Amino acid sequence: VTQLVANLQTDYNKINWGVSYSLDEQLPYLVVSIAPYVAYDEIHLLIGFTNLYNDNISLSGEAVALGADDAEIGSTYIYTGAIGGGNTVLADINCGDQKPDGRIRWKEITSETDTLTTYVPWEADWTIEDHISDSYLTVNYEFYGAGGQAIVPGEVHFVLLDEQGNVLAKDMTYLGDEVAAGEKYAGSEDIYSDKELLSATKDMAIFATPTK
């Protein structure tokens, strides 16, 4: 599994993940990866779910971050209709001012290979405008189906990274309208954070799981 994720030709390997492991004994090639970051003095855990199978996988359930003495210090509900083969989707847990120890308690997690929607491979082009003096960066991007297919982009996540791949900041937008075959969606997203973190930005990773 470790070698398979290392060989992914996606933005997954831009991130310095703290830990990666198989989520489900029945689906050992559905991989969970976790990376911590801080946003406005609150500690977050960025969680990536990577499908190393050829078939689409759906995923739902609750992820709970644990701290000292097994305290539950933050949680998020996960639902995605179709993670495509080789693709990664993101979730985020806000732990506030409490320190997570990296463990996640999974509750009522369900993963299926019989999905209701179909993943469509995608590509994105982007540039970043510097507005650090005003505590934000602007990402200008174009999002489209690889091979020119029509897609509904859904959630699109933007992750700012330092030169070691550590997460500095994250934002998300939702694109619910279809991008027609052969066309591109052009948009922009302002990502706010502390000026010090924005100044350390050297790269960005984009994650999405568009469908048709």
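Residues numbered from 1 in each chain as written. Predicted model: local features only at pLDDT ≥ 70, side-chain atom pairs only at ≥ 80, totals over all residues. Heavy atoms only, no water.

Overview of the overall build of the chain
Phase 1 of the analysis: Helix and strand counts for the chain stand at 2 helices and 13 strands.
Phase 2 of the analysis: In terms of overall size, the chain behaves like a compact globule, its C-alpha atoms giving a radius of gyration of 17 Å where 212 residues would be expected to give roughly 17 Å.
Phase 3 of the analysis: The C-alpha extent of the chain, read off along each of the three principal axes, is 50 × 50 × 30 Å.
Phase 4 of the analysis: Looking at the chain as a whole, 49% of its 212 residues are labelled buried.
Phase 5 of the analysis: Sequence-distant contacts in the chain: of pairs separated by 6 or more residues, those separated by 24 or more amount to 66%.
Phase 6 of the analysis: Counting only carbon and sulfur atoms, one obtains 44% of the accessible surface of the chain, whose full area is about 10,500 Å². (Helix = DSSP H or I, 4+ residues; strand = E, 2+ residues; numbered from the N terminus. Rg over C-alpha atoms; globule rule 2.2 N^0.38 Å. Buried < 20%, exposed > 50% of the residue type's maximum accessible area, 1.4 Å probe, protein only. Contact = heavy atoms within 4.5 Å. Areas by Shrake-Rupley, 256 points an atom, 1.4 Å probe, with all protein chains shown as cover.)

Here's the deal with the confidence of the model for the chain
Should pLDDT be low for a region, the predicted coordinates there are not to be read in detail.
Phase 1 of the analysis: On average, the chain scores 93 in pLDDT, and the residues at 70 or more come to 100%.
Phase 2 of the analysis: Considering each helix and strand of the chain separately, the mean pLDDT is smallest for helix 1 (residues 2–6), with a value of 85, and largest for strand 13 (residues 203–208), with 97. (pLDDT = per-residue confidence, 0-100.)

Quick notes on the packing of aromatic side chains
Geometry of an aromatic ring pair is reported as the spacing of the ring centres plus the angle between the planes.
Phase 1 of the analysis: Here the structure, examined in full by the defined rule, presents 7 aromatic pairs.
Phase 2 of the analysis: Taken together, a centroid distance of 5.4 Å and an interplanar angle of 25 degrees make the contact between Tyr-12 and Trp-17 stacked. An identical accessibility class is assigned to Tyr-12 and Trp-17; each is buried.
Phase 3 of the analysis: Joined through ring pairs, the aromatic side chains of Tyr-141, Phe-158 and Tyr-185 make up one cluster.
Phase 4 of the analysis: Lying across the ring of Tyr-144, Lys-184 places its NZ or CZ 4.6 Å from the centre. (Phe/Tyr/Trp six-rings, centres within 6.5 Å; stacked < 30°, edge-to-face > 60°. Lys NZ or Arg CZ within 6 Å of the ring centre and 35° of its normal.)

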